[in-house]
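Residue-level structure breakdown
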Amino acid sequence: MNIEIKESNGGYFAVLSGWLDTNVATEFLEDLKTLEDHADKAIEIDCGKLEYICSLGLRGLLKLKKLSAAQGGSLVLCNVNDEVRQILTLTGFIKLFDFR
């Protein structure tokens, strides 16, 4: 699992890649703190190279979504592939996020 975060046009852009399972979820949640610190900005997360996401990863994204909403920012998931979209659908999380 890899996360690359960049500041872009006053907001933040992150690219997730690899397999986000319980073995790396704690590290992922730590990496998300950078985005949580800027939850008042527009945040876009590219999931095109993300192969799998576990429940802890979903929880981290949901926490970021709630922080963004509370602080006047926004969170958008983009390039969500079929595998991750299926996980989001099966868990009901598909209804909780905005997509591009």
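Residues numbered from 1 in each chain as written. Predicted model: local features only at pLDDT ≥ 70, side-chain atom pairs only at ≥ 80, totals over all residues. Heavy atoms only, no water.

1. A short note on unusual backbone geometry
Of note in this structure, N9 is not a glycine but carries a positive phi near 50 degrees. On the accessibility criterion, N9 (83% relative accessible area) is exposed. Despite not being glycine, N79 shows a phi value in the positive range, around 55 degrees. Its location among the elements puts N79 in the loop between β4 (74-78) and α3 (82-91). Looking at N79, the relative accessible area reads 45%, which means it is partly exposed. (Buried < 20%, exposed > 50% of the residue type's maximum accessible area, 1.4 Å probe, protein only. Helix = DSSP H or I, 4+ residues; strand = E, 2+ residues; numbered from the N terminus.)

2. Thoughts on the pattern of salt bridges
If you walk through the whole model with that rule in mind, you get six salt bridges. We note a salt bridge from E4 to K6, for which the minimum N-O separation is 3.2 Å. Relative accessible area serves as the criterion here: at 37%, E4 is assigned to the partly exposed category. (Salt bridge = Lys/Arg side-chain N within 4 Å of Asp/Glu carboxyl O.)

3. Re the nonpolar core
Counting 27 residues, the largest nonpolar core has L35, I45 and I53 as its most contacted members. Take this core: its biggest share by element is five residues, from strand β3 (residues 42-53). With near-sequence residues (within four places) excluded, I45 lies in contact with A14, L16, L35, L61, L64, L75, V76, L77 and C78. (Core = buried A, V, L, I, M, F, W, Y, C linked by side-chain atoms within 4.5 Å. Contact = heavy atoms within 4.5 Å.)

4. Some points on the sheet that holds β4
Strand order in the open sheet made by the five strands is β1-β2-β3-β4-β5, with mixed pairing throughout. Looking at the sheet topology across the chains shown, the edges are occupied by β1 (2-8) and β5 (98-99). Pairing of β3 with β4 involves five bridges; the strand directions are parallel. Residue pairing for β4: D46 is matched across the bridge by C78. Along the sheet, helix α1 (residues 25-36) makes contact with β1, β2 (11-20) and β3, crossing β1 at roughly 5 degrees. Here helix α2 (residues 55-71) sits on the sheet in contact with β2, β3, β4 and β5, set at roughly 170 degrees to β3. (Pairing = 2+ DSSP bridges. Axes fitted to C-alpha atoms, helices over the stretch in contact; angles between N-to-C directions.)

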